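Letter by letter, the chains look like this.
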Amino acid sequence: MTEKPSLRAYLKSYAAGEIPREEMLDTVAAWDFEEQVRDELVIEPTYQDNTFSVVYSAAAIGQITDSDIDEIERRIDARG
């Protein structure tokens, strides 16, 4: 069984200048996002790597911009 690629690692590579912006926008908009696990009994973070909250976290720490998020969301909406 192969593991999914890490969205967190991908965005880190983008922030390091290893990936062009247009490629990042296309790739993240087409990402196979997972549902966020929310378990009332689990207090510590689950550190899921492929949820849309990773995108918001990347903006919060300056890896991507708010306009990047807007564009990613626009592309996701356009996909349907």
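The structure under discussion appears in the preceding block.
Residues numbered from 1 in each chain as written. Predicted model: local features only at pLDDT ≥ 70, side-chain atom pairs only at ≥ 80, totals over all residues. Heavy atoms only, no water.

Draft legend 1. Local environment of the pattern of salt bridges. For the structure on display, the rule yields six salt bridges. Between Arg 75 and Asp 26 there is a salt bridge, with its nearest N and O atoms 2.4 Å apart. You can see Arg 75 sitting in helix H4 (residues 66-79) and its partner Asp 26 sitting in helix H2 (residues 21-29), a full 49 residues away along the chain. Looking at Arg 75, the relative accessible area reads 15%, which means it is buried. Taking relative accessible area as the criterion, Asp 26 reaches 45% and is therefore assigned partly exposed. One salt-bridge network, held together by shared partners, links Glu 22, Asp 26, Glu 71, Arg 74 and Arg 75. (Salt bridge = Lys/Arg side-chain N within 4 Å of Asp/Glu carboxyl O. Helix = DSSP H or I, 4+ residues; strand = E, 2+ residues; numbered from the N terminus. Buried < 20%, exposed > 50% of the residue type's maximum accessible area, 1.4 Å probe, protein only.)

Draft legend 2. Geometry of the packing of aromatic side chains. Following the criterion strictly, the structure yields three aromatic pairs and no others. Seen from their ring centres, Phe 52 and Tyr 56 are 5.1 Å apart, and the 75 degrees between their planes marks the pair as edge-to-face. Highlighted residues: Phe 52 and Tyr 56, both in helix H3 (residues 52-60), separated by four residues, approximately one helical turn. What makes Tyr 56 partly exposed here is its relative accessible area of 43%. Here the aromatic cluster, defined as three or more aromatic residues joined through ring pairs, consists of Phe 33, Phe 52 and Tyr 56. (Phe/Tyr/Trp six-rings, centres within 6.5 Å; stacked < 30°, edge-to-face > 60°.)

Draft legend 3. Quick peek at the packing of helix H1 (residues 7-15) against H2. Contact geometry for H1 and H2: axes closest at 10 Å, N-to-C directions at 165 degrees. With respect to each other, H1 and H2 are oriented roughly antiparallel. Regarding H1 and H2, the two cross each other, and that crossing is left-handed. Across from Leu 7, Tyr 10, Leu 11 and Tyr 14 in H1, the residues of H2 making contact are Arg 21, Glu 23, Met 24, Thr 27 and Val 28. When the residues that make up the contact of H1 with H2 are grouped by side-chain class, the tally is six nonpolar, one polar and two charged. (Axes fitted to C-alpha atoms, helices over the stretch in contact; angles between N-to-C directions. Parallel < 35°, antiparallel > 145°, perpendicular 65-115°, else oblique. Left-handed = near helix turned anticlockwise from the far one by under 90°. Contact = heavy atoms within 4.5 Å. Nonpolar A, V, L, I, M, F, W, Y, C, P; charged D, E, K, R; others polar.)

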